[in-house]
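Chain and residue survey
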Amino acid sequence: MNDKFEFLIMGQQFKRLYEKCYDQLMTEYDLKKIDIDVLYFLSHSGEYDTARDISNFIYVSKAHVSKSIESLHTKQLIELVPDPSDRRYVHIKITEQGQPVANQVVLIKEKINSILFRGVSTEEKQLMIELTNKIICNINDELERS
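Because the structure is predicted, anything quoted here is derived from the model rather than measured. The residue numbering used here restarts from 1 in each chain and proceeds along that chain's sequence as written. Local features in this predicted model are restricted to residues of pLDDT 70 or higher, and side-chain atom pairs are both shown and tallied only at a pLDDT of 80 or more, whereas totals for entire chains, interfaces and linings draw on every residue. Hydrogen atoms and water are omitted, and side-chain values are computed over all heavy atoms in the structure.

Details of the side chain of S68
- The residue S68 is located in helix α5 (residues 62-74) in this model.
- Think of it in three bands: with a 1.4 Å probe and only protein chains considered, a residue is buried below 20% of the maximum accessible area for its type, exposed above 50%, and partly exposed in between. Judged by its relative accessible area of 2%, S68 is buried.
- Two residues form a contact once any of their heavy atoms are found within 4.5 Å. Not counting the four nearest positions on each side in its chain, S68 is found in contact with I34, D35 and V38. In DSSP terms, a helix is any run of H or I states spanning at least four residues, a strand is any run of E spanning at least two, and both are numbered starting from the N terminus.

Here it is as structure tokens:
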């Protein structure tokens, strides 16, 4: 196996790039990586806006998501809206105050993607997406067997 591929999927270089790109925003708003991930998810999730949805889609424990939601709520970047038809569910919405922060998250994510795919053709990018999906399926299949 190619060592560079293993380093890529282990994510250390990506983590360093991510931290470099988000450092100023994280410092300015006292955010953690999980907070950035939650804001990004909520800005694109549509009807998927519960803590369970976030946990399932971004593969983070419910405990970490709950702590992030509490922190973001305290900072008034999100609001918690009880479901009118089922009180067991709470919907999470980005507040008016949180929207500029979420917009910055999206812009930084776009910048990261442009860095990652610089010099990569549309066909290569599509192939990468297809291969990544297969690898993720293989990982999930194996984890479910255990």
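Observations concerning a nonpolar patch on the surface
- Together, L127, L131, I135, I139 and L143 line one region of the surface with nonpolar side chains, adding up to about 450 Å² of accessible area.
- Along the polypeptide, L127 turns up in helix α7 (residues 122-145). Patch definition: residues above 30% relative accessible area lacking any salt bridge, with like charges linked at up to 9 Å and the nonpolar side chains Val, Leu, Ile, Met, Phe, Trp and Tyr linked at up to 5 Å. Every accessible area reported is derived by Shrake-Rupley at a probe size of 1.4 Å, with residue values counting cover from the shown protein chains alone. Only one rule defines a salt bridge in this text: a Lys or Arg side-chain nitrogen within 4 Å of an Asp or Glu carboxyl oxygen.

Looking at the nonpolar core
- Ranked by internal contacts, the top residues of the largest apolar core, which has 27 residues, are Y22, L31, I36, L39, L42 and I54.
- What Y22 contacts, discounting residues up to four positions off in sequence, is I36, V105, I108, K109 and I112. We call a set of buried Ala, Val, Leu, Ile, Met, Phe, Trp, Tyr and Cys residues a nonpolar core when their side-chain atoms join them within 4.5 Å.

Considering the environment of E130
- Here E130 is to be found in helix α7.
- Taking the C-alpha atoms as reference points, E130 and E96, separated by 34 residues in sequence, lie 37 Å from one another.

Quick look at unusual backbone geometry
- Even without glycine at this site, D30 takes up a positive phi of about 55°.
- Note on D30: relative accessible area 56%, which makes it exposed.
- With a phi close to 60°, Q76 is a non-glycine residue in the positive phi region.
- Following the sequence through the fold, Q76 ends up in the loop between α5 and β1 (78-82).
- Under the relative-accessibility criterion, Q76 is labelled partly exposed at 48%.

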